[in-house]
Amino acid sequence: MSDAGQFAFWLAMGAAVVGFWVAMTPIIKALADRIAGGQHLPADLEARLAALESRSPVTGETDAVYHRLAELEERVEFAERLMLQVRTDGALPRGAEP
């Protein structure tokens, strides 16, 4: 390999290393802050989040109750349609006596 080729190779390697570190710097800083326990939520955001959670805590159990309530509403609507169908099918024609 010629001297110019070796120089180009090492120049490309140096550029790749510098590019790698420039790209990784934000990630490394974020990991360091996370390990150090930094970057907490702002105080007003934490207060708003706490107020929201205390107002209507939604848990997995609550979601299950909402799902069950939706199923019950569907069943009631089905029963209403069924009762209406039976009532109209079994009705006597006008003028007929039982």
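Keep in mind the model is a prediction, meaning the values are calculated, not measured.

Rules of the game
- Residues numbered from 1 in each chain as written.
- Predicted model: local features only at pLDDT ≥ 70, side-chain atom pairs only at ≥ 80, totals over all residues.
- Heavy atoms only, no water.
- Helix = DSSP H or I, 4+ residues; strand = E, 2+ residues; numbered from the N terminus.
- Buried < 20%, exposed > 50% of the residue type's maximum accessible area, 1.4 Å probe, protein only.
- Phe/Tyr/Trp six-rings, centres within 6.5 Å; stacked < 30°, edge-to-face > 60°.
- Patch = residues over 30% accessible without salt bridge, like charges linked within 9 Å, V, L, I, M, F, W, Y side chains within 5 Å.
- Areas by Shrake-Rupley, 256 points an atom, 1.4 Å probe, with all protein chains shown as cover.
- Salt bridge = Lys/Arg side-chain N within 4 Å of Asp/Glu carboxyl O.
- pLDDT = per-residue confidence, 0-100.
- Lys, Arg positive; Asp, Glu negative; His and termini not counted.
- Charge placed at Lys NZ, Arg CZ, Asp CG, Glu CD.
- Expected span 1.5 Å × (residues − 1).
- Bend = angle between axes of the 7 residues up to and from the residue.

Draft legend 1. How the structure looks around the overall build of the protein chain. The secondary structure content of the protein chain amounts to three helices and zero strands. For the protein chain, the N- to C-terminal ordering of α and β elements is α-α-α. Here the protein chain, with 98 residues, has 0% of them falling under the buried criterion.

Draft legend 2. Spotlight on the packing of aromatic side chains. Evaluated as defined, the whole model comprises two aromatic pairs. When the ring of F9 is compared with that of W10, the centres are 5.0 Å apart and the planes differ by 75°; the resulting orientation is edge-to-face.

Draft legend 3. Here's a closer look at a nonpolar patch on the surface. A surface patch of nonpolar side chains, amounting to about 520 Å² of accessible area, comprises M1, F9, W10 and M13. Tracing the backbone through its elements, the reader meets W10 in helix 1 (residues 3–36).

Draft legend 4. A look at the confidence of the model for the protein chain. Of the residues in the protein chain, 82% reach a pLDDT of 70 or more, and the chain-wide mean stands at 82. Mean pLDDT across the elements of the protein chain ranges from a minimum in helix 2 (residues 43–55), with 78, to a maximum in helix 1, with 90.

Draft legend 5. View of a negative patch on the surface. A surface patch of negative charge is lined by E71, E73, E74, E77 and E80. Here E74 is to be found in helix 3 (residues 60–89). According to the relative accessible area criterion, E74 is exposed, its value standing at 56%.

Draft legend 6. Representation of helix 1. When the terminal C-alpha atoms of helix 1 are compared, their 47 Å separation across 34 residues agrees well with the 50 Å that a helix rising 1.5 Å per residue should span. M24 marks the point of greatest bend in helix 1, at about 40°, and the proline P26 comes within the next four residues. Just downstream of helix 1 lies G37, where phi reads positive at about 85°.

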